[in-house]
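For reference, the chains in residue letters:
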Amino acid sequence: MTPTLLVTSVVVLALVASLPMLWRRLELSRAKHPSLAGHSRLAKRIARLVPYYSYDGERFFGSDGAPAEVVAARRRALGQLSDTFGRRFAKSIAATRGAADGISDLQFTGRYRVPFQYSAKLRAMLPVGAFVQSSSGVQVTDLDGNQFYDLTGSYGVNVFGVDFYKECIAEGGARVKDLGPVLGALHPCVSWNVERLKEISGLDEVSFHMSGTEAIMQAVRLARYHTGRGHLVRFCGAYHGWWEDVQPGIGNPLPPGRTYTLRDMHSDSLRVLQHRRDIACVLVNPLQALHPNASAPGDSALVDGSRRAHFDRAAYSAWLRKLRDVCTQRGIVLIFDEVFVGFRLAPGGAQEYFGVRADMVTYGKTLGGGLPVGVLCGRADLMKRFREDRPADICFARGTFNSHPYVMGAMQVFLERLDSPEIQSVYAGIDDRWNHAAQRLNARLDGAELPVRVTNLSSIWTVVYTRPSRYHWLLQYYLRAEGLALSWVGTGRIIFSLNYSDEDLEQVMRRFVSAALKMHADGWWWHDERLTDQSIRRTILREMIAQRLGRPLPVPLQLASRAAGSAQDQSSGPAAGTAARGSTA
Ligand SMILES: Cc1ncc(COP(=O)(O)O)c(C=O)c1O
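Residues numbered from 1 in each chain as written. Predicted model: local features only at pLDDT ≥ 70, side-chain atom pairs only at ≥ 80, totals over all residues.

A.B. asks: Help me get a handle on the overall build of the protein, residues and values and all.
C.D. replies: Within the protein, the secondary structure is distributed over 22 helices and 14 strands. At 27 Å, the protein has a C-alpha radius of gyration in line with the 25 Å of a compact globule built from 585 residues. The dimensions of the protein, computed from C-alpha atoms along their principal axes, are 90 × 85 × 45 Å. The burial tally for the protein puts 44% of its 585 residues in the buried class. Taking contacts inside the protein between residues at least 6 apart in sequence as the whole, the part at least 24 apart equals 77%. (Helix = DSSP H or I, 4+ residues; strand = E, 2+ residues; numbered from the N terminus. Rg over C-alpha atoms; globule rule 2.2 N^0.38 Å. Buried ≥ 20, exposed ≤ 12 C-beta atoms within 10 Å, placed from the backbone. Contact = placed C-beta atoms within 7 Å.)

A.B. asks: An account of unusual backbone geometry is needed here, citing residue identities and associated values.
C.D. replies: Glycine aside, the phi torsion of most residues is negative, and most peptide linkages are trans. Unusually for a residue other than glycine, Ser-154 sits at a positive phi of about 45 degrees. The backbone of Lys-365 shows a phi angle near 40 degrees, a positive value even though the residue is not glycine. Relative to the helices and strands, Lys-365 is located in the loop between strand S9 (360-364) and strand S10 (374-378).

A.B. asks: Which residues make up the site of the ligand, and what are the values?
C.D. replies: The environment of the ligand is formed by 14 residues, the closest being Ser-211, Gly-212, Thr-213, Gly-241 and Val-339. Residue contributions to the shell around the ligand peak at three residues, all from helix H10 (residues 212-227). A breakdown of the residues in the shell around the ligand according to their chemical character gives five nonpolar, eight polar and one charged. (Near = placed C-beta within 6 Å. Nonpolar A, V, L, I, M, F, W, Y, C, P; charged D, E, K, R; others polar.)

A.B. asks: Tell me about the domain arrangement of the protein, residues and numbers included.
C.D. replies: The domain architecture assigned to the protein consists of domain 1 (66-158 + 429-521) and domain 2 (186-291 + 313-426). Computed over C-alpha atoms only, the centres of domain 1 and domain 2 are separated by 32 Å. In this complex, domain 1 contributes eleven residues to the contact, which on the side of domain 2 involves ten residues. Among the secondary structure elements, those contributing two or more residues to the side of domain 1 that touches domain 2 are strand S11 (452-457) and strand S12 (460-465). Class assignment for the residues of the side of domain 1 that touches domain 2 results in six nonpolar, five polar and no charged. (Domains from an automatic or database assignment.)

A.B. asks: Please give an account of the packing of helix H9 (residues 189-201) against helix H15 (residues 405-418) that cites residues and values.
C.D. replies: Relative to each other, H9 and H15 sit at 45 degrees, their axes nearing to 9 Å. When the axis of H9 is compared with that of H15, the two are oblique. In this structure, H9 meets H15 at a crossing whose hand is left-handed. Counted together, Cys-189, Val-190, Trp-192, Asn-193 and Arg-196 of H9 and Met-408, Gly-409, Met-411, Gln-412 and Leu-415 of H15 form the full contact between these two elements. The residue inventory of the contact of H9 with H15, partitioned by class, reads six nonpolar, three polar and one charged. (Axes fitted to C-alpha atoms, helices over the stretch in contact; angles between N-to-C directions. Parallel < 35°, antiparallel > 145°, perpendicular 65-115°, else oblique. Left-handed = near helix turned anticlockwise from the far one by under 90°.)

This is the structure:
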């Protein structure tokens, strides 16, 4: 054989040998969602390029190119709203301002309530108080004595109403008080909790942790230990806590390591699971059924009207069944992360609600009866942390506060009450009740010709918008002025506790419509046919490029023509002057 022939043969053989690998790589690429949320590395690179700039002056009010009279109306309205906030929430705002310097979380949430271009001015004009003094029924009271309907759901913890949890904590505390805060040794109520959780989850063993994030860490570690494989699969947009491996991309300084972020509800993802040999587990957060492949819909990302959500129970159940099948075939551990939705959709959680069983299930939030907790339930073979035949090969997981007596006491009361006729009746017809409420609100919004609708997964709602606008994020402030409290992510996540009475719901709906009507009357939803989601995004992109290049921000259409008009009139009044300067940062 000549040397040339030898080299050619080696190259051809190497190519042939690498074909399956290349094919699998291609398959993986195809299973990524085309959005940035599906491409964590790229998303991070792009995030690093986005420059800060802010709107002041006329651009804050006219970034959509609204005509002068609309801009003036908005300016007046924001001034009035600011006065109302300052008067009504004075103590809460003062306490928040005083504390924010020392509470990094407050600085973060305060900054990311709305798109960053508007954030600085809005923080100055509409500061939101972070402190409340009491809660009762479905309401919270701030430091100034204002009562708000609580639509935050305490990040999902509050399923049955604050009074329910106060009772769980008080009664649970009383049960364990003789033991007190002794750790390591277990209070007897732990055995009861374990038995009940085994029944609820249909799984063999339970481990207790301090947060949902930790329960997920433990589930993934065990899946890796038992399968001998390194990678985990999560679906695009899904939140599983803030641990590195489940939060690749923006927010995590490290590059994605052993995480595949695949497209939710898509056959290409099933193919990846079918063919790859390095996948230990698949994580499913059933909340994604409401907005597959999209991240939690915070108002800081509400730059236009493109937020979409829709829940199709049958389609999501069918998807979970397919996932179940492929995971069973391939020996991949299927983990349902029910930290958010567990006990909210049905007494047996998402497994019962969607009719699909997982190999491991995590719970948290509400299960602590109002105290912090994370719980992992799993098959016995997956939960084992050691090997009979290899004594040194262990899978470590301990935590100082795991099985804390007070948490276990509150959990026991929670689980006991879950079986009470009172709580069982809350679950009866639960979806019909919440679907009907959402439909009623939508009918009213539609009747009032407002560009706002709600979409829901049972008692978890999200607000969507029927046409493009740059100002949808303001609705959360109008809602607040009407006495409706949302969490810092704003209108993207409204969480009801199930103890809302029909009268409470009626009140919330009235206030919601009233807030939207006021926002409409104040001109924020002024609309021009040229204003599309695409044109808004293009404008923002042009602004970012200009800012990066150190040039003045391009001026929105109407503002530009007004500025030109005033220049022609040689009467450059203060408003036109501000517009022409384009309020560069
Ligand atoms: C589905 C899901 N998993 C995990 C977590 C993390 O739980 P924790 O905040 O208790 O760490 C959350 C929190 O929101 C969640 O929604």
